[in-house]
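# Topology and contacts: notes
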Amino acid sequence: MTNYKARLKLFENTLAADEIDLNEVRKLCFNGIPEERGFRSLCWKLMLCYLSPQRETWSETLSAQRQSYNQFIDEMIITPDGGSDGAICDHPLSNNPGSQWNAYFKDNEVLLQIDKDVRRLNPEMSFFQQATEYPCKSVVYSGGRKRLHRRVHNSLLNSANVERKGLGPTTIALSSRKSMEDYSPLDEGSEAHWEVVERILFLYAKLNPGQGYVQGMNEIIGPIYYCFASDPTVEWKQHAEADCFFTFTKLMSEIRDFFIKSLDEAESGIGHLMTRLMNEVKARDSSIYLYLKEMQLLPQYYSFRWLTLLLSQEFPLPDVLRIWDSLFSSSDRQTFLIHLCCAMIILIKDELLEGDFSSSVKLLQNYPSIDIQVVLNKTVELSRKM
């Protein structure tokens, strides 16, 4: 307990400085961020470069970013009635490229996928089904015009899966964490956390048309939003939506190539990263590497999801938060991620060697329950042997 209190004091002192030492923050965070006092929320903002180490810049940065986000909501969530507030005024059958109706219908195609995905986000916890304390007033009191979930039909919401045609199997199995039922929207005046996440992803897709929304992004944003919206500090919690949007955008700028099929074999693409992982396994444990190769257990069958989604579907959310503490604090996040995935394979080596193709695929796609610190310790061990 004394050591824990000393760690809390170290975090408190480091984060209270006018000029925060990011190297010190990373060292502290690598071994896990305490749940108390909103340290994780602030440290993630710093390590993902949403906030500068210079505390004096925070007020201006946060004010500008939050104002910009509110403008995105006002200008980009187009409503189909004839009134004000960004409403559509041209003809629904217009073929004009500048037609707002045309944009509205195209947006709905993207929204259908987002809505499908966020309605089943982290079903092992009730958090995303609960009402946020700080709903977006311009949305919840819009008479339903700006509530995105109303633009899609529940009958079309089939179960989602992470897909990549032309790279291994057409369908990559999901983990068993998916909910059997879709989350329900709340009444006017309130909105659930999953509805907030839906809006963030929709706006991200609108602002990044070259990439848009790709299945799995919901699994990346979920832990960030949960962290920010659970912050004990009222100001941080109140602006969790806007802060999450920009922090998520920062993270996606690092991993966006994982979601672009044309870049799979580029140095920054997911294909190249899977090759690096298998080379790492070969270097660390040739017996398990040869087994995987002999059984034709291609990395696409399991590590595509591990690497693309930063392991967010492989472990319970509290474990994902702990993994990301170390991941975000690493100076080379891709290399750390590869070491982590390699550690996961080596730790279940005996079970893999005893099984056949079918049981091994199932084991890798549904990673067994394990103390996450054991995985992280193995990761550090592999890192030190470089």
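Going by what an unreviewed UniProt entry lists, the protein is known as TBC1 domain family member 13 and is assigned to Parthenolecanium corni. A UniProt comment under Subunit (unreviewed entry) is attached to the protein, and it reads "Interacts with RAB1A and RAB10; in a GTP-dependent manner." What the UniProt record of the protein gives under Function (unreviewed entry) is the line "Acts as a GTPase-activating protein for RAB35. Together with RAB35 may be involved in regulation of insulin-induced glucose transporter SLC2A4/GLUT4 translocation to the plasma membrane in adipocytes."

Let's shift gears to the nonpolar core. By size, the foremost hydrophobic cluster in this structure holds 115 residues, and its most contacted members are Trp44 and Tyr225. The biggest single contributor to this core is helix 15 (residues 333-347), with ten residues.

On the secondary structure map, Asp319 appears in helix 14 (residues 317-329). The spacing of Asp319 and Ile370 is 51 residues in sequence and 9.9 Å in space, taken between C-alpha atoms. Once residues lying within four places of it in the same chain are set aside, the contact partners of Asp319 are Ile370 and Ile372.

This part is about the packing of aromatic side chains. Taken as a whole, this structure holds 19 aromatic pairs when the rule is applied. Where Phe72 meets Phe246, the ring centres are 6.4 Å apart and the plane angle is 45°; that geometry is what we call tilted. Highlighted residues: Phe72 in helix 4 (residues 58-76) and Phe246 in helix 10 (residues 240-255), separated in sequence by 174 residues. With respect to class, Phe72 is no different from Phe246; both count as buried. Members of the aromatic cluster, each reached through a chain of ring pairs, are Tyr50, Tyr69, Phe72, Phe245 and Phe246. For Lys45, the ring lying beneath its charged end belongs to Phe228, and the centroid distance is 3.8 Å.

Turning to the pattern of salt bridges, a few remarks are in order. Throughout the structure, instances matching the rule amount to 18 salt bridges. In this structure, Arg333 and Glu254 form a salt bridge, with 2.4 Å as the shortest nitrogen-oxygen distance. Of this pair, Arg333 sits in helix 15 while Glu254 sits in helix 10; the two residues are 79 residues apart in sequence, bridging distant segments of the chain. Judged by relative accessible area, Glu254 falls into the partly exposed class, the value being 39%. In this structure, the salt-bridge partner of Glu280 is Arg284, at a minimum N-O distance of 2.7 Å.

Bringing helix 18 (residues 372-384) into the picture now. The terminal C-alpha atoms of helix 18 lie 19 Å apart, and with 13 residues this matches the ideal 18 Å at 1.5 Å per residue to within 8%. Where helix 18 is concerned, the buried positions are Ile372, Val375, Leu376, Lys378, Thr379, Val380 and Leu382. Turning to helix 18, the residues buried within the fold contact helix 2 (22-30), helix 11 (270-284), helix 14 and helix 15. Two or three places before Gln373, at the opening of helix 18, Asp371 has a side-chain oxygen 3.0 Å from that residue's backbone nitrogen.

So, about helix 15. Over its 15 residues, helix 15 runs 21 Å from end to end, which matches the ideal 21 Å to within 8%, given 1.5 Å per residue. Of all 15 residues that make up helix 15, 13 are buried, and the element is covered over most of its length.

Attention now moves to unusual backbone geometry. Positive phi, close to 65°, is recorded for Cys49, a residue that is not glycine. Mapped onto the secondary structure, Cys49 falls in the loop between helix 3 (39-47) and helix 4. Phi at Asn122 is positive, roughly 45°, even though this residue is not glycine. For Asn122, the location among the structural elements is in the loop between helix 5 (100-118) and helix 6 (137-140). Overall, the relative accessible area of 4% leaves Asn122 in the buried class.

This paragraph deals with empty space enclosed by the protein. Picture a little ball the size of a water molecule; that probe, rolled over the atoms, points out where space is still empty. For the coordinates displayed, the defined rule picks out three cavities of 30 Å³ or more. Taken as a whole, the second largest cavity spans an internal volume of roughly 50 Å³. For the lining of the second largest cavity, the leading source of residues is helix 7 (residues 193-207), giving three residues. Tallied by class, the residues present in the lining of the second largest cavity amount to two nonpolar, one polar and six charged.

So, how was this worked out
- Residues numbered from 1 in each chain as written.
- Predicted model: local features only at pLDDT ≥ 70, side-chain atom pairs only at ≥ 80, totals over all residues.
- Heavy atoms only, no water.
- UniProt positions renumbered as here; feature names shortened; annotations may be inferred.
- Core = buried A, V, L, I, M, F, W, Y, C linked by side-chain atoms within 4.5 Å.
- Buried < 20%, exposed > 50% of the residue type's maximum accessible area, 1.4 Å probe, protein only.
- Helix = DSSP H or I, 4+ residues; strand = E, 2+ residues; numbered from the N terminus.
- Contact = heavy atoms within 4.5 Å.
- Phe/Tyr/Trp six-rings, centres within 6.5 Å; stacked < 30°, edge-to-face > 60°.
- Lys NZ or Arg CZ within 6 Å of the ring centre and 35° of its normal.
- Salt bridge = Lys/Arg side-chain N within 4 Å of Asp/Glu carboxyl O.
- Expected span 1.5 Å × (residues − 1).
- Polar contact = N/O pair within 3.5 Å; in protein donor to acceptor, adjacent residues only side chain to side chain.
- 1 Å grid on protein atoms, 1.4 Å probe; cavity = no way out; pocket = protein on both sides within 12 Å on 5 of 7 lines; lining within 4 Å.
- Points joined across faces, edges and corners; volume = space filled by probe spheres on them.
- Nonpolar A, V, L, I, M, F, W, Y, C, P; charged D, E, K, R; others polar.

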